[in-house]
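Given next are the chains, with one letter for each unit.
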Amino acid sequence: MGEAKSDRDDGFQAFDDGFQAFIVTVWPRLVRTAYLLAGEQYAAEDLVQSAAEKACAAWSKVRRADDPYAYVRRILVNQHARRWRRRAPELLVDAVPDAAGVEDGFARSDQRGALLAALATLPPRQREAVVLRHWEDLSDSQTAAAMGCSVGAVRSHAAKGIARLRQVTALVGLKDTTHIGGAA
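Sequence order sets the numbering: in each chain, residues are counted from 1 along the sequence as written. Per-residue local features are limited, in this predicted model, to residues with pLDDT of at least 70; the limit for side-chain atom pairs, both in listing and counting, is 80 or more; totals at the level of whole chains, interfaces and linings are taken over all residues. Values shown for side chains rest on all heavy atoms present in the structure; no hydrogens or waters enter the calculation.

## Quick notes on the confidence of the model for the protein
Next, step 1: Residues at a pLDDT of 70 or more form 67% of the protein, whose mean pLDDT is 77.
Next, step 2: By definition, pLDDT measures how confident the predictor is in each residue, and it falls between 0 and 100. Secondary structure elements follow DSSP: runs of H or I no shorter than four residues count as helices, runs of E no shorter than two count as strands, and numbering proceeds from the N terminus. Within the protein, the lowest mean pLDDT, 52, falls on helix α1 (residues 13–16), and the highest, 92, falls on helix α9 (residues 151–166).
Next, step 3: Working rule for contacts: check all heavy atoms of both residues, and any pair within 4.5 Å makes them a contact. In the predicted structure, residues 1–10 sits below a pLDDT of 50 and forms three contacts with residues beyond four places in sequence or in another chain.
Next, step 4: Segment residues 177–184: pLDDT under 50, and 20 contacts once partners within four positions in sequence are set aside and those in other chains are kept.

## Details of the pattern of salt bridges
Next, step 1: Any Lys or Arg side-chain nitrogen located within 4 Å of an Asp or Glu carboxyl oxygen qualifies as a salt bridge. This structure, assessed with the given rule, holds four salt bridges.
Next, step 2: Put simply, R133 and D140 hold a salt bridge, and the shortest N to O gap is 2.6 Å.
Next, step 3: Burial classification: accessible surface area is computed with a 1.4 Å probe over protein chains only, and a residue below 20% of its type maximum counts as buried, one above 50% as exposed, and the rest as partly exposed. By relative accessible area, which is 22% here, R133 ends up partly exposed.
Next, step 4: When its relative accessible area of 17% is taken as the criterion, D140 is described as buried.
Next, step 5: Residue D140 is joined to R155 by a salt bridge in which the shortest nitrogen-to-oxygen separation is 2.7 Å. One end of the pair, D140, is in helix α8 (residues 140–147); the other, R155, is in helix α9, and 15 residues separate them in sequence.
Next, step 6: Relative accessible area serves as the criterion here: at 51%, R155 is assigned to the exposed category.

## Description of helix α7 (residues 124–135)
Next, step 1: A large share of α7 lies buried, amounting to 11 of its 12 residues.
Next, step 2: Taken residue by residue, α7 has P124, R125, Q126, R127, E128, A129, V130, V131, L132, H134 and W135 as its buried positions.

So this is what it looks like as structure tokens:
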């Protein structure tokens, strides 16, 4: 009689073509980057979920990209940029509240805690440039592609961000403030 349709065209095709395996593999890196951009665990998870939804919807384009992770990271940075443009100005506080119940490898260190607090004080574009350039260890051109701006703008934002971080007294004891993280 009728043969079952083998190619599904109902949105689940992406899972058949490797999307699930891809997103499971890159999820921790995306959450870390999003956390550094957003400054809060819940906001980072929301940001990555939103980027994953967009990547799933465009999976055929994403998987054909030269670097699918870079493609999705660009989606993530764009999502973050859209959110801070729409949001009310941030309220700056003297101390970052303790993220109770959040157990991640880089939040345990006092120096990293101070660094995260200092990152939260940077304007969003400077924070993006510093995180992508120095924490994710991307080149100027890769960072420019991820941020959707020129290499000169990346250099300017990153230099201004690093200069502001160097002025934070809690970070004065750090040995190397130009390479603040690293893809681990």
